[in-house]
Amino acid sequence: MTSVDFDAGAEATPRSSKVVLGFSDYARYLIAVVFVGFSLFPFYIVLSTSLKSESDIFAWPPVWLFDVTWDNYFSALFVFGGTGVLPFLINSLIITALSTLLAVGLGSMVAYGLTRFRVVGGSHIFFFILSTRFAPPVAFVVPIFLMIREAGLLDTHLALILIYTSMNLSLVVWIIRGFFEAIPIEIEEAAQIDGYSRLQIFRKVALPLVKPGLITTSILSAILSWNEFLIATVMTQNTAATLPVYLAGFSGSMGLEWGPFMAVGAMAVLPIMIFTLVLQRHLVRGLTFGAVR
Amino acid sequence: MAQVQLQDVHKIYPDGTKAVRALNLEIQSGEFLCVLGPSGCGKSTTLRMIAGLEEVSSGIIEVDGQDIVGTPARERDIAMVFENYALYPHLNVFDNIAMPLVARRTAKPEIRERVERIAGTMGICEHLTKRPSKLSGGQRQRVSLARAMIRSPKMFLMDEPLGHLEEYLRIELRREIRALHEATGGTTFYITHDQEEAAAVSDRIAVMTDGVLQQVGTMADLIDRPVNRFVAEFVGEPPISMFNDVAVANGQIRLGDYSVALPPALNRAVDASPPVSVGVRPGKFSIDDAEAEGLSAIAQSVQLMGEWAAILCDTPAGPATALAAKSELPSEGARVKLNPDPEGLLLFNKNGRNIVSAEV
């Protein structure tokens, strides 16, 4: 492995102000624009509908220019169901945050232990951990429901935190494992000789070096927990219900209130989007550059 | 500063590879010992066993009389320099150097003072706030050396520290390593495959191959009194000329078309242990005119190395290498006579042992 000399690279390809675009470049951009537009269109509908008045929502042909109104958000937050969306938003935040923290924390420990110590049947354990995700979650819903009921955890935050943690754990272990294996072992040996214990090496050397892996798995775990519907709807009714559960119940209980419905949808996207964008900034590649050689 | 003793140390890897066999070695307090050997000879494994990074299969490693087998690496009070530097990429140079002190909960002001002092010694003061990735190879190894030198450990272990560096940096850094060793007075265990480097930095050199220690001694010992053919052929630049077609009779040894009278000491040893091969160091040949007495040779190639040149010759006894001063070089293809110095003959028996040391 060699370190990348950024200065030399910049010199070799001088930044020219005149970039000539060929036909293939235009074709590439066109395809990209079409794809992005296709993907973002539903989100555009959610956002625009949430900001429209009732008459604009049902106008045909659809109105593209309209007077922005925040009424739908007001209704969603404070009017519906007496309490509005807020408790469910908070439930989702608590459950997503804790299960992500637990999954990434425990998962990185598992991955580190299995990559650094000679464990009998280590690779089988890795395979077993991944195999817990082979079957569709719906196959486990009934047994898990019974277990949760017996434990007296129905409709509690803890139930969902535990289930999501165990579901995301396998993902975290598998992704982080590759990051740990990429750390040159000499760095940890140097730390051993410098006087650090295994736990200190894990905390002060190994974890900082797999930061990109921790961030990637945090984002993935958070998205999966945030959007999970099936298990949430079975395990919770009210106290611990998450946003997807609330959203699904929306149409049923109140007819089709499209405006507030879309407002809740927009609010459901926002936290996870902010979380991802913030973390992504720290997703620097090549953190181990310059460690060896 | 510590005296280290390895007693009958073996290392067998789980796959059955015998990396180190029956190793007995003593490193004196304050000594700079180099281990020299081809790659895969077990020298790195030996160092890693002393460091505590590799378990010992059997045997004892004593430091100042105390067995340290089983002691974790972090409690062995050692410092190590790795071939690939092994700096912490997420920390800047200052924090890299400070790591051993931080682990021992040294007070902040003292850490700052000591890091700055050692950075001054190593000439890396202006890089203290940089990440290792921004440094050149030579600078990285200086940081790694500074990290090792920040404490006064019982011993320094260096695993081919200059292996990845360019020639001019190697020469510069090995002088500094030697100076640092003398300044700290520590015991240093240094691994290299470069014999010139070994000769430049060390007090004594241990030669290993196939997991077995061959000989420990000064460079002069290894050149003039190699215990066996491996040491004779591995050590010495340009390499020794080895002749396998050897006949001894009446106190004379026959090399191709020429006979040399054996000195009395060698002559006595010949009877006890009949030699099958004879080695002559390039410097022990004198090159004479074609008319003179000596082993007939044709100078095939003349390789100038500064003030001296290695003359690669063909002789009736086999290929030979001789040294000639730059001022009196034979032309390529010239017929010459090679005259070996009888005192410089190295005779080896059928087991490859030097017949002089074989008796001991």
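Residues numbered from 1 in each chain as written. Chains lettered and ligands numbered in written order. Predicted model: local features only at pLDDT ≥ 70, side-chain atom pairs only at ≥ 80, totals over all residues.

A. Geometry of the interface of chain B and chain A. Between chain B and chain A, the contact holds 23 residues from the first and 22 residues from the second. Taken together, the elements giving at least two residues each to the side of chain B that touches chain A come down to β6 (78-81) and α2 (93-103) of chain B. Partitioned by chemical class, the residues of the side of chain B that touches chain A number 16 nonpolar, 4 polar and 3 charged. (Contact = placed C-beta atoms within 7 Å. Helix = DSSP H or I, 4+ residues; strand = E, 2+ residues; numbered from the N terminus. Nonpolar A, V, L, I, M, F, W, Y, C, P; charged D, E, K, R; others polar.)

B. Representation of the packing of α2(B) against helix α4 (residues 137-149) of chain B in the model. Residues and elements named next belong to chain B. Two elements in contact, α2 and α4, have axes separated by 7 Å at closest approach and are oriented at 30°. With respect to their mutual orientation, α2 and α4 come out roughly parallel. Both α2 and α4 take part in a crossing whose hand is right-handed. Contacts from Val93, Asn96, Ile97, Met99 and Pro100 in α2 reach Val143, Ala146 and Arg147 in α4. Its residues assigned to classes, the contact of α2 with α4 comprises 6 nonpolar, 1 polar and 1 charged. (Axes fitted to C-alpha atoms, helices over the stretch in contact; angles between N-to-C directions. Parallel < 35°, antiparallel > 145°, perpendicular 65-115°, else oblique. Left-handed = near helix turned anticlockwise from the far one by under 90°.)

C. How the structure looks around the nonpolar core. By size, the foremost hydrophobic cluster in this structure holds 133 residues, and its most contacted members are Met80(B), Ala146(B) and Leu157(B). Counting residues per element, this core draws most heavily on helix α8 (residues 157-181) of chain A, at 7 residues. The residues touching Leu157(B), leaving out its near neighbours within four places in the chain, are Leu47(B), Ile50(B), Ala51(B), Ile78(B), Met80(B) and Phe189(B). (Core = buried A, V, L, I, M, F, W, Y, C linked by C-beta atoms within 7 Å. Buried ≥ 20, exposed ≤ 12 C-beta atoms within 10 Å, placed from the backbone.)

D. Focus on the pairing of strand β13 (residues 252-255) of chain B. Residue and element names in this part refer to chain B. Burial of the side chains of β13 is restricted to one face: Ile253 and Leu255 are buried, whereas none of Gln252 and Arg254 on the reverse face is. Summarising the sheet, strand β12 (residues 246-249) and β13 pair through 4 bridges and their orientation is antiparallel. Of the residues in β13, the one forming a bridge with Val248 is Ile253. The loop that links β12 with its antiparallel partner β13 comprises 2 residues; one of these, Asn250, has a positive phi angle of about 55°. (Pairing = 2+ DSSP bridges.)

E. Focus on the sheet that holds strand β18 (residues 308-315) of chain B. Residue and element names in this part refer to chain B. The 5 strands are arranged β16-β20-β17-β18-β19 in an open sheet whose pairing can be described as antiparallel. Since the sheet does not close on itself, it has two edges, and those belong to β16 (285-288) and β19 (318-325), each with one partner. Neighbouring strand axes in the sheet, compared pairwise and without regard to direction, differ in orientation by 45° on average. Pairing of β18 with β19 involves 8 bridges; the strand directions are antiparallel.

F. Fine view of the sheet that holds β12(B). Residues and elements named next belong to chain B. Spatially, β12-β13-β14 is the arrangement adopted by the 3 strands of the open sheet, whose pairing is antiparallel. The open sheet has two edge strands, β12 and β14 (258-261), and neither has a second partner. The mean inter-strand angle of the sheet, taken between neighbouring strand axes irrespective of direction, is 25°. Alignment of β13 against β14, held across 4 bridges, turns out to be antiparallel. Across the sheet, Gln252 pairs through a bridge with Ala261, a residue of β14.

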